[in-house]
Amino acid sequence: MKIVVCIKQVPDTTEVKLDPVTGTLIRDGVPSIMNPDDKSGLELALELKDKFNAEVTVLTMGPMQAEAILREAFAMGVDRAILLTDRRFAGADTLATSNALAGAIKTLEYDLVIAGRQAIDGDTAQVGPQIAEHLDIPQVSYLQNLEYDGNKTFTIKKQTEDGYQIVEVDSPCLVTVLSTANNPRYMTVKGIMEAYDKEVEIWSADKIDVDEAKLGLKGSPTKVKKAFTKGVKSAGEVYEVDTEEAIGIIISKLTEKFII
Amino acid sequence: MDFNITKQEELFLQMIREFTEKEIKPIAAEIDEQERFPIETVEKMGKLGIMGIPVPKEFGGQGGTNQIYSMAVEEISRVCGTTGVVVSAHTSLCIAPILENGTIEQKQKYLPKLSSGEWIGAFGLTEPNAGTDAAMQQTFAEDAGDKWILNGSKIFITNAEYAHVYIVIAMTDKSQGTKGISAFIVEKGTPGFTIGKKEKKLGIRGSATCELIFENCEIPKENLLGRLGKGFSLAMKTLDGGRIGIAAQALGIAQGAMDETVKYTKERKQFGKAIAKFQNTQFQLADMETKVQASRLLVRSAAFKKDKGVPYSVDAAMAKLFAAETAMEVTTKAIQFHGGYGYTREYPVERMFRDAKITEIYEGTSEVQRMVISGNLLK
Ligand SMILES: Cc1cc2nc3c(=O)[nH]c(=O)nc-3n(C[C@H](O)[C@H](O)[C@H](O)COP(=O)(O)OP(=O)(O)OC[C@H]3O[C@@H](n4cnc5c(N)ncnc54)[C@H](O)[C@@H]3O)c2cc1C
Ligand SMILES: Cc1cc2nc3c(=O)[nH]c(=O)nc-3n(C[C@H](O)[C@H](O)[C@H](O)COP(=O)(O)OP(=O)(O)OC[C@H]3O[C@@H](n4cnc5c(N)ncnc54)[C@H](O)[C@@H]3O)c2cc1C
């Protein structure tokens, strides 16, 4: 079995600040990490590698610094790593991003494509499903658990708003994984020692199977009109009282607002 | 020496910090309180390769450096001094002498299982009457033709109850003084070998510190480690390396106390402001931080020299001396900044203060480190 996992490098914060003037993300001084959902996707792939000897390739699109998460993936145990980096990819919205990633995946052999549910900086949850559309393969999003019959069929527990569904799907297919699906393994010391001896393949737009007009800024129909940080909520009221009295105040406030 | 950390070291720090934060920190207070050996942590560390960092891959190790190993002990000790010494004694005092002095058969037999954490290692040099004066060995190994017969006892042996492999130092020829001392590998369960009383300690309370008792304990001929009569110098060289581990442990404890103190002084308010706003706090924190960083550079430089294969015993002595005294000073001040709260077990600085003291004592007291340093200076 061959698996491709799409991983994204994101700033390590759930509260990314935006530049109020340009509307872009302020990334300075924020350490970069592998997107949490993607790390769980990677763990899923590595579990399939442990059990079924799957070959795991990680793929990312980003600047040269994104190499760091590919080295981390090597230290966790992946077989192959590809970095899509090219000025022609720059300024991509989700559509252009998914076109680039799908263009790369088309040149690879795969039975399963794994993406995270969503990236903690962009938060759109669009890229995974779009890749499946470009590749014209079935997709199952919000994966909580996956079982493989060792042949062709996956049985997937998929989270929904008020419960879950169990679905069966045949390979090749794409899944988007939730960070709660598993506990990603730690890198091993040996993996770390070897991570920099392995080759990260650097691919430009020429290496992938996609029309150049669909890439980067040119291929991005999204126009950010305005981006803003949510206004601060009112400070609330502070009471410095003992516990008994505090309970009384809380109860009366909640009753006042018809919450209890 | 390159002051930049390498890319592998950076990746390693990312891993070890995540690991210590999630797997070790949450149980540190509990294993101290219950005087419980953290066996589950050893298993987890074994899987990740933390129990055999500087062992070459051909012997089942990780092919890591002493620098990465010392970073591991530092980061682990930053949250738990007990777990730090478990790794340090195992790696520096058991794995290292086998790696550096063992025959190919000994390396193949012991290193893979020690590196995977399946087996834990220990080192027995100290005896009731042979502490700082380690040459006063009473334990005797008699050459009985096809085997050795060991008699005597060791005290204060780290990892004792849980170890499978022990490096034991014993006299083989009383007439030869230090040249009549040899080293042996003794396996758990060897008839005539038992574990005696377990110490109740001030700090590193989760680590098992016990007596080893040998009563006509027969060990195979091939378990002599290194050459006959070379055991004393083997032990001294082993301790040179071990001091990097203990220096890293002391450094980690000091850093852990710094982390807690910086956080606390920013939160705790008296006289209407955070105590971090008082200049006394600021100046003392500055001094503490400077000493911690100086300790780190001494540790890094000793590990760097060991990796390069150049003499490092004076560097290791300085690193251990300075880091241990810094750990004592920083943890003492950490409690002071926490006031009464710091004296209670509500805050981790109380445990860190108790854990720090041992770093001035084992693997050569601070006085011994001063002897090593001045001895080199005045030779
Ligand atoms: C506030 C805001 C401002 C933005 N500003 C701009 C802008 O100025 N110009 C512009 O063109 N676009 C902009 N974008 C879109 C931005 O480019 C997207 O972040 C990007 O396309 C990926 O989408 P996402 O982060 O929502 O990923 P999601 O769709 O949430 O990610 C789902 C999964 O897709 C995979 N994935 C996503 N990206 C990658 C990648 N690079 N490499 C590998 N795998 C990946 C991962 O597996 C990930 O878990 C903005 C988005 C937001 C929310
Ligand atoms: C928790 C713990 C774990 C240990 N783990 C191990 C282990 O795994 N393996 C092992 O072999 N040992 C171990 N030890 C033993 C440890 O290394 C010794 O306790 C240490 O070397 C000091 O020896 P001592 O206790 O006999 O003190 P002593 O040698 O009696 O020293 C008492 C004091 O006298 C000072 N002193 C002695 N000689 C001189 C001198 N010539 N000049 C100036 N001052 C001097 C010392 O510095 C010290 O301050 C451990 C000890 C403890 C407490």
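Here the structure is shown first, and the text comes after it.
The structure displayed is predicted, hence computed values, not measured ones.

**Let's talk about the site of ligand 2**
Residues and elements named next belong to chain B.
- Taken together, 19 residues sit near ligand 2, with T126, T132, F156, T365 and E367 positioned nearest.
- T158 is positioned with one of its side-chain polar atoms (N or O) 2.8 Å from a nitrogen atom of ligand 2.
- Here an oxygen atom of ligand 2 and a side-chain polar atom of E367 are 2.7 Å apart.
- Taken by itself ligand 2 offers 980 Å² of open surface, and the protein chains cover 63% of this.
- Residue assignment for the shell around ligand 2 shows that the elements contributing at least two residues are β1 (121–124), β3 (147–158) and α10 (366–377).
- Looking at the shell around ligand 2, the element that brings in the most residues is β3, giving three residues.

**Overview of the sheet that holds strand β11 (residues 200–203) of chain A**
Residues and elements named next belong to chain A.
- Judged by pairing direction, the sheet is mixed, and its nine strands sit side by side in the order β9-β8-β7-β10-β6-β1-β4-β5-β11 without closing on themselves. Two strands in the sheet have a free side with no partner beyond their single neighbour: β9 (163–170) and β11. When strand polarity is set aside, the average angle formed by the axes of neighbouring strands in this sheet is 35°.
- Packed onto the sheet, helix α2 (residues 67–76) meets β4 (55–61), β5 (80–84) and β11 and runs at close to 170° relative to β5.
- Across the sheet, helix α3 (residues 94–106) touches β1 (2–6), β4, β5, β6 (112–116) and β11, and the angle it forms with β4 is around 145°.

**Points about helix α2 (residues 39–48) of chain B**
- Listed as buried for α2 of chain B are T41, V42, M45, G46 and L48 of chain B. Each buried residue of α2 of chain B lies within a common arc of 165° when the element is viewed along its axis, so the set occupies one face. Residues of α2 of chain B that are exposed and angled more than 90 degrees away from the buried face: E43 and K47 of chain B.
- Elements in contact with the buried residues of α2 of chain B: α5 (189–195) of chain A together with α1 (7–33), α3 (66–79), α4 (81–101) and α5 (104–115) of chain B.
- Downstream of α2 of chain B by a residue or two, G49 of chain B has a phi angle that is positive, lying close to 95°.

**Points about the pairing of β1 of chain A**
All names here are of chain A.
- Burial analysis of β1 places four of its five residues in the buried class, the great majority of the element.
- Note that β1 and β4 share five bridges and pair parallel. Its bridge partner lying in β4, I3 is registered against V56.

**Digging into the packing of helix α8 (residues 313–342) of chain B against α10 of chain B**
All names here are of chain B.
- Running from N to C, α8 and α10 point in directions that differ by 140°, and their axes come no closer than 9 Å. The two elements α8 and α10 cross, and the hand of that crossing is left-handed. From α8, S313, V314, A317, M318, K320, L321 and E325 reach across to α10, where they touch S366, Q369, R370, V372, I373 and N376.
- Among the residues forming the contact of α8 with α10, the class breakdown is six nonpolar, four polar and three charged.

**Quick word on unusual backbone geometry**
Residues and elements named next belong to chain A.
- Here the residue pair S171 and P172 is connected by a cis peptide bond, since its omega of 0° sits within 30 degrees of zero.
- Looking at where P172 falls in the secondary structure, it is placed in the loop between β9 and β10 (173–177).
- Of note, D123 is a non-glycine position whose phi angle comes to about 65°, a positive value.
- Judged by its relative accessible area of 42%, D123 is partly exposed.

**Focus: the pairing of strand β7 (residues 209–220) of chain B**
Residues and elements named next belong to chain B.
- In this structure, β3 lies alongside β7, joined through nine bridges in antiparallel fashion. For T158, the partnering residue across the bridge sits in β7 and is T209.
- Relative to β7, strand β6 (residues 193–198) runs antiparallel, the two being bridged by four bridges. Bridge pairing in β7 places K198 opposite C210.

**Things to note about a nonpolar patch on the surface**
Residue and element names in this part refer to chain A.
- Taken together, the side chains of I247, I251, I259 and I260 make up a nonpolar region of the molecular surface, amounting to roughly 400 Å² of accessible area.
- Position of I247 among the secondary structure elements: in helix α6 (residues 243–256).
- The partly exposed category is assigned to I247, whose relative accessible area is 43%.

**A short note on the packing of aromatic side chains**
- Enumeration over the complete set of coordinates arrives at ten aromatic pairs over all chains.
- Here W148 of chain B and F184 of chain B contribute two aromatic rings whose centre-to-centre distance is 5.1 Å and whose plane-to-plane angle is 65°, an arrangement assigned as edge-to-face. Here W148 of chain B, found in strand β3, pairs with F184 of chain B, found in strand β5 (residues 181–187); they are 36 residues apart in sequence, far enough to count as distant.
- Of the residues examined, W148 of chain B reaches a relative accessible area of 4% and is grouped as buried.
- Between Y341 of chain B and Y347 of chain B the ring centres are 6.2 Å apart and the planes differ by 75°, which places this aromatic pair in the edge-to-face class.
- On the accessibility criterion, Y347 of chain B (28% relative accessible area) is partly exposed.
- In textbook terms, an aromatic cluster arises when at least three aromatic residues are bridged by ring pairs, as seen for F52, Y148 and F154 of chain A.
- The ring of Y164 of chain A is capped by K157 of chain A, whose NZ or CZ atom sits 4.3 Å from the centre of that ring.

What counts and how
- Going along each chain's sequence as written, the residues are numbered from 1 onward.
- Chains carry letters from A onward and ligands carry numbers from 1 onward, assigned in written order.
- Side-chain atom pairs in this predicted model are given and counted only at pLDDT of 80 or more, local residue features only at pLDDT of at least 70, and totals for whole chains, interfaces and linings cover all residues.
- Hydrogens are left out, water is left out, and the side-chain values use all remaining heavy atoms of the structure.
- One heavy atom suffices: a residue is near a molecule or strand as soon as one of its heavy atoms comes within 4 Å of it.
- N or O atoms within 3.5 Å of each other form a polar contact, as long as, within protein, one can give a hydrogen and the other can take it, and as long as residues adjacent in sequence are counted only when both atoms are side-chain atoms.
- Shrake-Rupley sampling with a 1.4 Å probe provides the accessible areas, and residues are treated as covered by the protein chains on show and by no other component.
- Strands here mean DSSP runs of E at least two residues long; helices mean DSSP runs of H or I at least four residues long; both are numbered from the N terminus.
- By this definition, two strands are paired if DSSP reports at least two bridges between them.
- Angles run from 0 to 180 degrees between N-to-C directions of axes, and those axes are lines fitted to C-alpha atoms, restricted for helices to the stretch in contact.
- Note on definitions: a residue-residue contact is assigned when non-hydrogen atoms from the two residues lie within 4.5 Å.
- Think of it in three bands: residues with accessible area under 20% of the maximum for their type are buried, residues over 50% are exposed, and the middle band is partly exposed, with areas taken using a 1.4 Å probe on protein chains only.
- What the arc describes is the spread of directions from the helix axis to the C-beta atoms.
- The sense of a crossing depends on the near helix, which, turned anticlockwise from the far helix by less than a right angle, makes the crossing left-handed and, turned clockwise, makes it right-handed.
- For this classification, Asp, Glu, Lys and Arg are treated as charged, while Ala, Val, Leu, Ile, Met, Phe, Trp, Tyr, Cys and Pro are nonpolar and the rest, including Gly, are polar.
- Only residues above 30% relative accessible area that lack a salt bridge enter a patch, with like-charged residues linked at up to 9 Å and the nonpolar side chains Val, Leu, Ile, Met, Phe, Trp and Tyr linked at up to 5 Å.
- Salt bridge, as used here: a side-chain nitrogen of Lys or Arg that lies within 4 Å of a carboxyl oxygen of Asp or Glu.
- Planes of paired rings set the category: under 30 degrees apart is stacked, over 60 is edge-to-face and the rest tilted, where pairs are Phe, Tyr or Trp rings (Trp by its six-membered ring) whose centres lie within 6.5 Å.
- The rule for a charge over a ring is simple: NZ of Lys or CZ of Arg within 6 Å of the ring centre, and within 35 degrees of the ring normal.

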